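Breakdown of the fold
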Amino acid sequence: MDVPAELEEDAFRAFFERHHAELARFAWLLIGERAAAEDIASDAMLAVWRQWDQARRARSQIAYARGIVANLAKSRIRAAVRERRRNTLFWQRPGEAADGPDTAAVVDVREALARLPLRRRMCVVLRHSLELSERETAEALGISVGTVKSQTSKGLADLRRILGPQGGGPASIPRGVRP
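Structure report, in brief. (Residues numbered from 1 in each chain as written. Predicted model: local features only at pLDDT ≥ 70, side-chain atom pairs only at ≥ 80, totals over all residues. Heavy atoms only, no water.)

**Structural notes on the overall build of the protein**
Tallying secondary structure elements over the protein gives 8 helices and 0 strands in all. Beginning at the N terminus, the succession of helices and strands in the protein can be written as α-α-α-α-α-α-α-α. Buried positions account for 36% of the 179 residues belonging to the protein. Considering only residue pairs separated by 6 or more positions, the protein has 64% of its internal contacts joining residues 24 or more positions apart. Roughly 11,200 Å² of accessible area belongs to the protein as shown, and the carbon and sulfur atoms make up 51% of that amount. (Helix = DSSP H or I, 4+ residues; strand = E, 2+ residues; numbered from the N terminus. Buried < 20%, exposed > 50% of the residue type's maximum accessible area, 1.4 Å probe, protein only. Contact = heavy atoms within 4.5 Å. Areas by Shrake-Rupley, 256 points an atom, 1.4 Å probe, with all protein chains shown as cover.)

**Digging into the environment of Ile62**
Here Ile62 shows up in helix α4 (residues 61-91). With a relative accessible area of 14%, Ile62 lands in the buried category. The spatial distance from the C-alpha of Ile62 to the C-alpha of Val48 is 9.7 Å, given a sequence separation of 14 residues. Filtering out sequence-adjacent residues up to four positions away, Ile62 remains in contact with Phe15, His19, Glu22 and Leu23.

**A look at helix α6 (residues 118-129)**
Counted at 1.5 Å a residue, the expected span for α6 with its 12 residues is 16 Å, and the 15 Å between its end C-alpha atoms agrees. When you tally the buried positions in α6, you get 9 out of 12 residues, the bulk of the element. Within the span of α6, buried status applies to Leu118, Arg120, Arg121, Met122, Cys123, Val124, Val125, Leu126 and Ser129. Positive backbone phi, at 55°, marks Glu131, one or two positions downstream of α6. (Expected span 1.5 Å × (residues − 1).)

**Structural notes on the pattern of salt bridges**
For the structure on display, the rule yields 7 salt bridges. Here Glu22 makes a salt bridge to Arg66, at a shortest N to O gap of 2.3 Å. Residue Glu22 is found in helix α1 (residues 3-31), and its partner Arg66 is found in helix α4; the two are separated by 44 residues along the sequence. Using a relative accessible area of 22% as the deciding quantity, one classes Glu22 as partly exposed. Note that Asp158 and Arg120 form a salt bridge whose closest N and O atoms lie 2.6 Å from each other. Of this pair, Asp158 sits in helix α8 (residues 145-163) while Arg120 is found in helix α6, placing the two residues 38 residues apart along the sequence. (Salt bridge = Lys/Arg side-chain N within 4 Å of Asp/Glu carboxyl O.)

**Looking at the nonpolar core**
Nonpolar side chains tend toward joint burial in soluble globular proteins. In this structure, Phe15, Phe26, Val48 and Leu113 are the most contacted members of the largest nonpolar core, which totals 48 residues. Going through the elements one at a time, α1, α2 (34-50), α3 (52-57), α4, α5 (109-115), α6, α7 (134-141) and α8 are the ones with two or more residues in this core. Of all the elements, α1 adds the most residues to this core, at 10 residues. If we ignore the near neighbours within four places in the chain, the residues touching Phe26 are Arg66, Val69, Ala70, Val125, Leu126 and Leu130. (Core = buried A, V, L, I, M, F, W, Y, C linked by side-chain atoms within 4.5 Å.)

Written out as structure tokens, the structure reads:
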């Protein structure tokens, strides 16, 4: 009587064991905080489990899960931005300007990724760190292949500009360094 439920549990358990680490790495590359990335990956797996029937019917279960991770990361980033704005407004004295980011500082690839708009960052990470095809990336993010191509191209151009000499001139991302 419980055999189908046990089979579903076994199928999900196998999916979890196969993909949880990859989803955590994806989340980490999107938000740059290891503990938060683990939370996002776990929350995504919980969401996949709750929607397991729908996930099993999806063309790609991992693309379905990556989409959930991307949405959770986007929500977390938006919440953090709102919190920073509130803190800045709270601590700012009337008439005093807030300090901007230190754009002259040397940045590493992770910091450069964090400076990209979220959609570009997601495309670059999925294409070049997780080595997904354009089609797989489009499926994971729910966007067209053309959008993946343009956002990836713009993201890589932005990274070259950010990582160039003194963050200004054109440069290429060093070979062997993955975003």
